[in-house]
Amino acid sequence: MILEIIKGDDSPVLRRRAREVRKIGKGILRLLDDLLETMREAQGLGLAAPQVGVSKRVIVCDVGEGPIKLINPVVVRRSGSAVAWEGCLSVPGLLGEVERAEEVTVKGLNPEGRETWIDASGLLARVLQHEIDHLDGILFLDRARRVVDEEEFERPSLSVVFMGTPDFAVPSLERLAESSHRILAVVTQPDRPAGRGKRPTPPPIKRKAEELGLTVLQPESIKEPSFLTKLKELEPDVVVCVAFGQIFPAALLNLPPHGCINLHASLLPEYRGAAPIHRAIMDGRERSGVTTMIMSPGLDKGDIILQEEMDIGPDETAGSLHDRMARVGAELLVRTLDELARGEAKPKPQDESRASYAPPLKREDEIIDWGRSAREVHNQVRGLAPWPGAFTYLRGRLLKVWAGRILSERSPARARSGQVIGIEEDGPVINCGEGTYLLLEVQPENGRRMTARDFLNGYELHVGDVLGSAQGEG
Ligand code: ZN
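This report concerns the structure included in the present document. (Residues numbered from 1 in each chain as written. Predicted model: local features only at pLDDT ≥ 70, side-chain atom pairs only at ≥ 80, totals over all residues. Heavy atoms only, no water.)

1. Regarding the sheet that holds strand β3 (residues 68-79)
Hydrogen bonds along the backbone pair up the strands of a sheet, which may run parallel or antiparallel. Selection rule: Strands are labelled as partners when DSSP assigns at least two bridges between them. For the purposes of this entry, the term helix denotes a DSSP run of H or I that reaches at least four residues, the term strand denotes a run of E that reaches at least two, and both are numbered from the N terminus. Here an angle of 0 to 180 degrees is reported between the N-to-C directions of two axes, which are lines fitted to C-alpha atoms, with helices fitted over the stretch in contact. Should any heavy atoms of two residues lie within 4.5 Å, those residues are counted as being in contact.
Here five strands make up an open sheet; going across it, the order is β1-β2-β3-β6-β7 and the pairing antiparallel. The sheet is open, and its two edges are formed by β1 (46-48) and β7 (115-121), each paired on a single side. Going across the sheet, the axis of each strand differs from the next one's by a mean of 35°, ignoring polarity. Note: β3 against strand β6 (residues 103-109), six bridges, orientation antiparallel. Bridging from a neighbouring strand, Val-74 pairs with Lys-107 of β6. Against the sheet, helix α2 (residues 26-41) contacts β1, β2 (58-61) and β3, and its axis sits at roughly 40° relative to β2.

In C-alpha cells:
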C-alpha cells in the first residue's frame, strides 16, 4: 500500500528519535513492504518509517543494487569523507551539499530477524547514512553546507575570473554577479592619476567589484609570472574579458579549460579593434551589435559564440550606443556562459573576407571637414560625442561641436563650405559640401560646453563668417 509521506522540516515525527523494534511481527513486515512501494512510487532512493508517520527504527533503500530492508540499523564503522548533493522526499524542492563518510558498515536485522552487516560505499553509503539520520530526527538540512532550491541547482554554473576596466564593463560585471556563475576574482588596471589633482583613481570596475564584495587584482602587467601563477591557483573554468585594455599573452589564453571569452562592441568580423562604437556611427551605419568570442592571439579574430544585432538611431551618439551596447552585451555574455556551461556553445570561425577595422581615434578623425556632406558631418559629430568631440576653428580659435542637426540635404548656390549662411533661433547654420548643418551645442576654446544659442549671445558670429581654418581666415 502506498503511504502518505510526511513533509516539512518542523513536523514532530520527523524530528524525534524513533523507537527500537522489539518484535518483528506482521505489522513490521507490512510496514517494510509499504515503505518500499511508497519509495518507488515517489522515485526515491530510500525511505525511513518516520517519513510515513511511524516512529520506529525501520528503513528501506534501493540504489539500483537491489532492495534493502533494515530494522534497527546502526552505523558501526565510518571512513573517508565525500561531499555531494542530496535531497529528501520529506523536504521536496530543496537540495543540500552534505559531507558524509565515504564508506560505512551498517549493522541491523533483516525481515527474518537475522543480524545483517552491510559494507557500503559511494551512493549506498550516503543513502544509508541519510535514512539512519531520519531515525534520530536528523534531516539532511541540518548537515548541509549549503541548501539551494532545485530550480537554482539546475541553473548552469561556471567559475569565472572577470577582467575589465572602464564603464563599458560595469553592466557585464553586475549582470554576471546576479547570474548562477561564480566570480572568483576581478582583474582590472592599476589606479591611475586622474582629474585636476592627478590623484590615483580606481577604474570603474574596481569600484563596482568592491561594492559587490569581490576580490580585486590589479597587476601592473598581466604578463607578470606572479599574476599568471595566481590565476592558475584560482582554477577558473573561464576568463571573461570586457574592455580590459591589455593584450592577453598566449599563456593566459590557454589557461582556462573554456578559454578566454571576450565581449566586443560590433558584429564581428566588422569593426575589429579599439573604436568600434565610434567608427560605426561616424560611418553612418544604421546597424551594429555585440559579439562574444573565444579570444585568440590575433586582434578580435576569435571564433564567434553569440551575436546580437542592434539598430543605431539616426541621431544617436556614441555615448548612447555605448551605454546600450554595454547593457545588451552584459545579457549576451551571461547567455554565452550559460551555453558554455551546458556544453551547447558552437563557436564559429569568422569570415576573414568580410573583416574590417576600427582603429583607435586620432586627432585627424576629430577635425570637421566642411567640404563633406551635412550628413557626414553629422555622423562625425555624434560619433565623437561625448568623447573626444569633433572640432573646427573660428577665427583661428578651436571650437568643439558637440551636437547639431542636418537642416537641408542641399546647399544654396554660391556659398562656401564652412560658411555661416544664416542665424536661426537655435544656432548658426553652416554650409557643407552638400547640405546645411545647424549647430546646437558647442564649446569654445577654454570655455565651457554651451548651447549654440548661448554661444551666439556671448561670441561674435555673423552670416558670412567661415569655420574651419586654423589660420584665422574670415
Ligand atoms: Zn530523507
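2. So, the pairing of strand β20 (residues 420-423)
Where β20 lies against strand β21 (residues 428-431), three bridges are found, and the strand directions are antiparallel. In the sheet register, Ile-423 faces β21, and the bridge partner there is Pro-428.

3. With respect to the packing of helix α6 (residues 170-178) against helix α7 (residues 204-211)
As a reminder of what qualifies: Oblique is the label for every angle not falling under 35 degrees (roughly parallel), over 145 degrees (roughly antiparallel), or within 65 to 115 degrees (roughly perpendicular). Crossing handedness is read from the near helix: turned anticlockwise from the far helix by less than a right angle, it gives a left-handed crossing, and turned clockwise, a right-handed one. Lys, Arg, Asp and Glu make up the charged group, whereas Ala, Val, Leu, Ile, Met, Phe, Trp, Tyr, Cys and Pro make up the nonpolar group; the residues left over, Gly among them, are polar.
The N-to-C vectors of α6 and α7 enclose an angle of 20°; their axes lie 9 Å apart at closest approach. Here α6 lies roughly parallel to α7, going by the angle between them. Crossing handedness for the pair α6 and α7: right-handed. Across from Val-170, Leu-173 and Glu-174 in α6, the residues of α7 making contact are Pro-204, Ile-205, Lys-208 and Ala-209. Taken together, the residues that form the contact of α6 with α7 break down as five nonpolar, no polar and two charged.

4. Section: the coordination of the zinc ion
The following threshold applies: Coordinating donors are taken as N, O and S atoms within 2.8 Å of the metal, stretched to 3.2 Å for Na, K and Ca; because water is absent from the atoms, sites can appear incomplete.
Of the protein atoms, only Cys-88 (SG), His-130 (NE2) and His-134 (NE2) coordinate the zinc ion, at distances of 2.0 to 2.2 Å. Along the chain, the residues donating to the zinc ion fall in the pattern C-x41-H-x3-H. Remark: His-134 and His-130 occur in helix α3 (residues 122-135); sequence separation between them is four residues, near one turn of the helix.

5. A word on the sheet that holds strand β8 (residues 144-149)
Taken together, three strands build an open sheet; the order of strands is β4-β5-β8 and the sheet is antiparallel. Pairing within the sheet leaves two strands with one partner each, and these edge strands are β4 (82-86) and β8. Geometrically, the sheet is characterised by an average inter-axis angle of 20° between neighbouring strands, direction not taken into account. Bridge analysis of strand β5 (residues 94-100) against β8 gives five bridges, and the strand direction is antiparallel. Bridge pairing in β8 places Leu-94 opposite Asp-149.

6. What about the layout of surface pockets?
The following threshold applies: A 1.4 Å probe that fits into a set of points on a 1 Å grid over the protein atoms alone but cannot get out defines a cavity; an open set with protein on both sides within 12 Å along at least five of seven lines defines a pocket, and lining residues are those with an atom within 4 Å of a point. Grid points are joined across faces, edges and corners, and a volume is the space filled by probe spheres set on the points.
One number sums up the size of the largest pocket: a volume of about 1,400 Å³. Only β15 (260-264), α10 (276-282) and α11 (318-342) provide two or more residues apiece to the lining of the largest pocket. Considering only residue class, the lining of the largest pocket consists of 29 nonpolar, 13 polar and five charged. As a volume, the second largest pocket reaches approximately 480 Å³.

Purely geometric numbers; function is a separate question.
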